[in-house]
Amino acid sequence: MESGISEIKRLYPFKFRTFAVLKAPGMLSDQIRSDFPILTRQVHGKPLVYLDNAATTQKPQAVIDAIVHYYSHYNSNVHRGVHQLSQEATDAFEAVRTQLQSHVNAAHSHEVIFTKGTTDSLNLVAHGFRSVLQPGDEIIVTQLEHHSNLVPWHMLAERTGAIIRFIPMDGRGVLDQTVYESLLNPRTKVVAFNHISNALGTINPVKEMTAKAHAVGAAVVVDGAQALPHAAVDVQDLDVDFYSGSAHKMYGPTGIGLLYGKTEWLEKLPPYQGGGEMIQDVDVTSSTYAGLPHKFEAGTPNIEAVIAWGAALTWMHQVGVANIQAHEDELLAYGTALLGAIPGVKIYGTAPQKAAVLSFNVAGLHPYDVGTLLDQMGIAVRTGQHCTQPIMDGFGVPGTIRASLAAYTSKEDLDQLARALERAIALLA
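Residues numbered from 1 in each chain as written. Predicted model: local features only at pLDDT ≥ 70, side-chain atom pairs only at ≥ 80, totals over all residues. Heavy atoms only, no water.

### As for the overall build of the protein
Consideration 1: Along its length, the protein carries 15 helices and 17 strands.
Consideration 2: A globule of 429 residues ought to have a C-alpha radius of gyration of about 22 Å, and the protein, at 22 Å, matches this closely.
Consideration 3: With the C-alpha coordinates of the protein rotated into their principal frame, the extents come out at 70 × 55 × 35 Å.
Consideration 4: Here the protein holds 429 residues, and the buried ones make up 56% of them.
Consideration 5: At a minimum sequence separation of 6, the contacts of the protein that also span at least 24 residues come to 73%.
Consideration 6: Accessible surface, the protein as shown: approximately 16900 Å² in total, 53% of it carbon and sulfur.
Consideration 7: Of the side chains in the protein, 31 bear a positive and 41 a negative charge, and the two mean positions are spaced by 4 Å. (Helix = DSSP H or I, 4+ residues; strand = E, 2+ residues; numbered from the N terminus. Rg over C-alpha atoms; globule rule 2.2 N^0.38 Å. Buried < 20%, exposed > 50% of the residue type's maximum accessible area, 1.4 Å probe, protein only. Contact = heavy atoms within 4.5 Å. Areas by Shrake-Rupley, 256 points an atom, 1.4 Å probe, with all protein chains shown as cover. Lys, Arg positive; Asp, Glu negative; His and termini not counted. Charge placed at Lys NZ, Arg CZ, Asp CG, Glu CD.)

Structure, rendered in structure tokens:
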């Protein structure tokens, strides 16, 4: 990561904050909130309390500056020009690939593929497995999945004749590992699951589940969208075959994401799209494809978003991923106790290993109604199914109210949520 940061700093002349000594995790938000200009605004005449970070995080000034600086100083296409601007853009673009390689500890930079986001990454892999699966092969998914890690596999099964199996969750929102082990067999070809649930915060035992899948020869595909913002991820230690994520969940721009894949799998799967950049030779009747990573990166990429993602990664590492995780763990415990003390509030997702999500309902009240009143009081939360209908069906609810945390979230934010929630309950009673 250090070499990637040095390259980003060379390419970005604007100032990055430096955190020489961080205070206790509970004080982290006090030190960094000024980096996020949007946090100073008001909503409906009230100071914004932003608690919808699982949907997207806010952006530090360094990320905003990176986008402006790219368009102001070296806007050009990448990989295609010999002129100075193109070379500068290409250097900045590829420096972020190196940063991401280090961030997830990939063995090679060509194992980092740029996509439009986690959904695009998962669709890329599922599309590639059309050439691998046969009728009767089995795909294991879980009840905890975001729709982006369910629907592509349903589409793949329809296309190939493969069979979908699923791992249920228990009342805590924890996957039933006994059922998982019973589902694994020589016909299992793909096991797809998330690292952290976006709806409940459940942290799944990725390394253990991966080892079990590999024991029967299955490939492992992990949705890491909710893990990368909150914890250190080491894909080599986890031994996963594919791992995906989105920049906008980790303080970066929308419209850009990551697919990590082991070299042997990326070489085996066919391209997802055809066009410029991903070819080696083309004539009027046939094409041969470029090597990794360009084989999967057809067309002009979202250049400014990639470069700004590098600024977001630099910001995260200057703050410290471990510091962010410790801060959020402290807030999660504080918020769980705070909301749990309010009469009528039920928290969904009580896994012993859990990340920064508080998903809850109020007895007798619809989550949409509560969320609407919270918005009027300046509190931004998510309400609904969170693109996880199987989870909501499992709990027998139409949806939940979700408060999700980030590095800039403070205890005062949670205090304001609790006060606003009590007022909303009184108004709707």
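### Some words on the side chain of Lys262
Consideration 1: Tracing the backbone shows Lys262 in the loop between strand 10 (257-261) and helix 10 (263-268).
Consideration 2: Owing to a relative accessible area of 13%, Lys262 belongs among the buried residues under this scheme.
Consideration 3: Among residues more than four places away in sequence, those in contact with Lys262 are Glu111, His214, Asp239, Val240 and Asp241.

### So, a nonpolar patch on the surface
Consideration 1: Judged by side-chain polarity, Ile279, Val282 and Tyr289 come together as a nonpolar surface patch covering roughly 270 Å² of accessible area.
Consideration 2: Tracing the chain through its elements places Val282 in strand 11 (residues 279-282).
Consideration 3: Taking relative accessible area as the criterion, Val282 reaches 52% and is therefore assigned exposed. (Patch = residues over 30% accessible without salt bridge, like charges linked within 9 Å, V, L, I, M, F, W, Y side chains within 5 Å. Salt bridge = Lys/Arg side-chain N within 4 Å of Asp/Glu carboxyl O.)

### Digging into empty space enclosed by the protein
Consideration 1: What the rule picks out here adds up to one cavity of 30 Å³ or more.
Consideration 2: What the largest cavity holds in volume is close to 40 Å³.
Consideration 3: Along its surface, the largest cavity is lined by Val78, His79, Arg80, Phe93, Glu277, Glu297, Gly299 and Pro301.
Consideration 4: In terms of residue class, the lining of the largest cavity is built from three nonpolar, two polar and three charged. (1 Å grid on protein atoms, 1.4 Å probe; cavity = no way out; pocket = protein on both sides within 12 Å on 5 of 7 lines; lining within 4 Å. Points joined across faces, edges and corners; volume = space filled by probe spheres on them. Nonpolar A, V, L, I, M, F, W, Y, C, P; charged D, E, K, R; others polar.)

### Some details on the side chain of Asn149
Consideration 1: When you line up the elements, Asn149 lands in the loop between strand 5 (138-142) and helix 6 (151-160).
Consideration 2: Sequence-distant contacts of Asn149, defined by excluding residues within four places in its chain, comprise Leu122, Val141, Ala192, Phe193, Asn194, Val221 and Asp223.

### Points about the sheet that holds strand 8 (residues 219-223)
Consideration 1: Here seven strands make up an open sheet; going across it, the order is 4-10-9-8-7-5-6 and the pairing mixed. Edge positions in the sheet fall to strand 4 (112-115) and strand 6 (163-167), since each of these pairs with one other strand and no more. Going from strand to strand, the sheet's axes swing by 20° on average, the running direction of each strand aside.
Consideration 2: Here four bridges tie strand 4 to strand 10, and the two strands are oriented antiparallel to one another. Across the sheet, residue Phe114 finds its bridge partner in strand 10, namely Leu258.
Consideration 3: With respect to the sheet, helix 5 (residues 118-128) is in contact with strand 4, strand 8, strand 9 (242-246) and strand 10, its orientation differing from that of strand 9 by roughly 155°. (Pairing = 2+ DSSP bridges. Axes fitted to C-alpha atoms, helices over the stretch in contact; angles between N-to-C directions.)

### Side note on unusual backbone geometry
Consideration 1: The amide bond that connects Leu292 to the next residue, Pro293, takes the cis arrangement and shows omega of 0°.
Consideration 2: With respect to the helices and strands, the residue Pro293 is situated in the loop between strand 12 (287-289) and helix 11 (303-319).
Consideration 3: At His79, a position not held by glycine, the phi torsion is positive, near 70°.
Consideration 4: Position of His79 among the secondary structure elements: in the loop between helix 3 (61-73) and helix 4 (84-104).

### What to know about the nonpolar core
Consideration 1: Counting residues in hydrophobic clusters, the biggest one holds 76 residues, and the most contacted among them are Val240, Tyr243, Tyr251 and Trp309.
Consideration 2: A per-element tally of this core places helix 11 first, with 12 residues.
Consideration 3: Setting aside anything within four residues of it in sequence, one finds Tyr243 in contact with His195, Val222, Gly224, Ala227, Leu228, Val233, Val235, Leu238, Leu258, Leu259 and Tyr260. (Core = buried A, V, L, I, M, F, W, Y, C linked by side-chain atoms within 4.5 Å.)

### Focus: the environment of Ala157
Consideration 1: Secondary-structure assignment places Ala157 in helix 6.
Consideration 2: With a relative accessible area of 10%, Ala157 lands in the buried category.
Consideration 3: A sequence separation of 240 residues divides Ala157 from Val397, and the C-alpha atoms of the two residues are 28 Å apart.
Consideration 4: Discounting residues that sit within four places of it in the chain, Ala157 has contacts with Ala162 and Ile164.

### A word on the sheet that holds strand 14 (residues 357-362)
Sheet strands line up and pair through hydrogen bonds in the backbone, either parallel or antiparallel.
Consideration 1: Taken together, four strands build an open sheet; the order of strands is 13-14-17-16 and the sheet is antiparallel. Strands with a single pairing partner mark the edges of an open sheet, and in this sheet they are strand 13 (345-348) and strand 16 (382-384). Mean inter-strand twist for the sheet, computed between neighbouring axes without regard to direction, equals 30°.
Consideration 2: As defined by bridge partners, strand 16 adjoins strand 17 (residues 400-404) across three bridges and the pair is classed as antiparallel. Residue Arg382 lies in a different strand from strand 17, and its bridge partner there is Arg402.
Consideration 3: Across the face of the sheet, helix 15 (residues 411-428) comes into contact with strand 13, strand 14 and strand 17 while running at roughly 15° to strand 14.

### So, helix 15
Consideration 1: Look at helix 15: 26 Å from first C-alpha to last across 18 residues, which is about the 26 Å you get at 1.5 Å a residue.
Consideration 2: Residues Asp413, Leu414, Asp415, Leu417, Ala418, Ala420, Leu421, Ala424 and Ile425 constitute the buried set of helix 15. (Expected span 1.5 Å × (residues − 1).)

### Observations concerning the environment of Asp234
Consideration 1: Topologically, Asp234 is positioned in the loop between strand 8 and helix 9 (235-238).
Consideration 2: Residue classification places Asp234 among the partly exposed residues on the basis of a relative accessible area of 29%.
Consideration 3: Between the alpha carbons of Asp234 and Val104 there is a distance of 5.0 Å; along the sequence they are 130 residues apart.
Consideration 4: In this view, Asp234 contacts Val104 and Asn105; residues no more than four positions away in its chain are not counted.
Consideration 5: Polar side-chain contacts of Asp234 include one of 3.1 Å to the backbone nitrogen of Gln236. (Polar contact = N/O pair within 3.5 Å; in protein donor to acceptor, adjacent residues only side chain to side chain.)

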